[in-house]
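In case you want the letters, here they are:
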Amino acid sequence: MSNTLEKFKINGYLPTIGIECHVQLKTKSKLFAGVSNDAHLVKPNTLISHICMGMPGALPVLNQRAVDLAIFAAFALNTEPAKFSKFDRKHYFYPDLPKGYQITQFDEPIILGGNVQINADGIDQTISINRAHLEEDAGKSTHPEGKDYSLVDLNRAGTPLLEIVSEPEIHSAKAAKAYAHELYLLMRYSGVSDADLYQGNMRFDVNVSVSKTNELGTRTETKNLNSFKNVEKAVEFEIKRQIKLLEDGNQPIVQETRGWDDAKQKTFSQRSKEESHDYRYFPEPDIPPIVLTNDYINKIKSNMSILPNDIRGALNKYGLTKSTTDTIVENMVAGKFIYDLTKNSDKSVVKRIAN
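Summarised in this report is the structure supplied together with it. Per chain, the residues get numbers from 1 upward, laid out in the order the sequence is written. Restriction of local features to residues with pLDDT of at least 70 applies here, the model being predicted, together with a cutoff of 80 or more for giving and counting side-chain atom pairs; totals for whole chains, interfaces and linings are based on all residues. Note that water and hydrogens are dropped before the side-chain values are worked out from all heavy atoms of the structure.

1. Structural notes on the overall build of the protein chain
A run of H or I in DSSP becomes a helix once it reaches four residues, and a run of E becomes a strand once it reaches two; helices and strands are each numbered from the N terminus. Within the protein chain one finds nine helices and 16 strands. To get the radius of gyration, use the C-alpha atoms; to get the globule rule, take the number of residues to the power 0.38 and multiply by 2.2 Å. Taking 2.2 N^0.38 as the reference for a compact globule, 355 residues should give roughly 20 Å; the C-alpha atoms of the protein chain span a radius of gyration of 22 Å, in line with that estimate. With the C-alpha coordinates of the protein chain rotated into their principal frame, the extents come out at 65 × 55 × 40 Å. Considering only residue pairs separated by 6 or more positions, the protein chain has 69% of its internal contacts joining residues 24 or more positions apart. We call two residues contacting when some pair of their heavy atoms lies within 4.5 Å.

Structural data, given as structure tokens:
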């Protein structure tokens, strides 16, 4: 084990974290239906169609803008889109999934590889991306307190998502938070998503395990975290909880899906974790594969916006503090404005305006 990893150990245990991020794409309509994609401030079950409802004979049609945004995301993640990708059916049975399956991408996604660069725990780190795939969202179930029923709102059913899956290369709660925040900036700057965490435009699932050996430990997945702080706190709690279980030796760590209780600042068990074979994937018969040409990819690339590291790099020579640069990058309008200034203004002018 490298000296770098040794610094992340807690009581001899190395935490390992992988993060899955669901990004709502900035399209006007849903992924497979000509229905508005903006479910904000509308009544439940009003943004639906026969396709969203999974009615017999309903045929989905792929939203081309969603593909374009996935290509932007590939470049933001320091890679290129796959020239061939396809859709699959992922079967599970929840009340908010009328079809009984989700249209997603399984073995041939639109993005393979890439990385996100962060600075956390005092060191620069590069977190590799395993894959990113297009898929439709399910609806939303709510459970009124004190009632013996649940409510289902299908306005989100069919919302276009890009699920970005990191490699398990994160080893601290601070790095997990930094990765989630940098992903947020990348998706905003590239125009892929509004990335409004309050509205659920980005949601994080964190996989956490601890181990004293080179073998990964049993992992848990804490789902639907909607803030960078919650990502950090959920990882912190899971690391401590798992180490305590192993140290006490009275019960094993269970591979399971967990939720986050923000009021109690702790995770809680939800259900046993499914494996891929539980979903009975098979190719989606109603949507043809996505085949991208070099000309099409280059056309999208020519419209690529500047990214956070472009601004950081341009401001390096102005002697600004890291805090000032971070503040500028955080505000996308200011960031792009000052980046333009660096190309045609005096150094003193740029520094004064930046400060």
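Having seen the structure, we can now continue with the description.
2. Structural notes on the sheet that holds strand S4 (residues 101–104)
Strand order in the open sheet made by the three strands is S4-S3-S15, with antiparallel pairing throughout. What marks the edges here is a single partner per strand, and that holds for S4 and strand S15 (282–283). Across two bridges, the pairing between strand S3 (residues 88–91) and S15 is antiparallel. The residue bridging Asp88 from the neighbouring strand is Pro283, located in S15. Two strands are said to pair when DSSP picks up at least two bridges between them.

3. What about the pattern of salt bridges?
Note on definitions: salt bridges are taken to be side-chain nitrogens of Lys or Arg within 4 Å of carboxyl oxygens of Asp or Glu. As enumerated under the stated definition, the model contains 20 salt bridges in all. Here Glu238 ties to Arg258 by a salt bridge, and the two come within 3.1 Å at their closest N and O atoms. Remark: Arg258 occurs in strand S13 (residues 256–261) and Glu238 occurs in helix H4 (residues 228–248); sequence separation between them is 20 residues. Where Lys343 meets Asp340, a salt bridge forms, and the shortest distance between an N and an O atom there is 3.6 Å. Taken together, the residues span about one helical turn, with Lys343 and Asp340 both in helix H8 (residues 332–344) at a distance of three residues. Each residue is assigned to one of three classes by its accessible area relative to the maximum for its type, calculated with a 1.4 Å probe on protein chains only: buried under 20%, partly exposed between the two thresholds, exposed over 50%. The exposed category is assigned to Lys343, whose relative accessible area is 58%. Salt bridges linked by common partners bring Glu238, Arg241, Glu256 and Arg258 together as one network.

4. Examining the nonpolar core
For this analysis, a nonpolar core means a set of buried residues of the types Ala, Val, Leu, Ile, Met, Phe, Trp, Tyr and Cys, connected via side-chain atoms within 4.5 Å. Judged by nonpolar contacts, the single largest core of 81 residues is most densely connected at Leu162, Ile164, Tyr179, Met187, Met202 and Phe204. The dominant element in this core, judged by the number of residues it contributes, is helix H3 (residues 173–189), at twelve residues. The residues touching Phe204, leaving out its near neighbours within four places in the chain, are Ile19, Glu20, Cys21, Ala180, Leu197, Thr222, Lys223, Asn224, Leu225, Phe228 and Val231. The next biggest cluster of nonpolar side chains, apart from the first, holds six residues, and it includes Val35, Ile51, Cys52 and Ala58.

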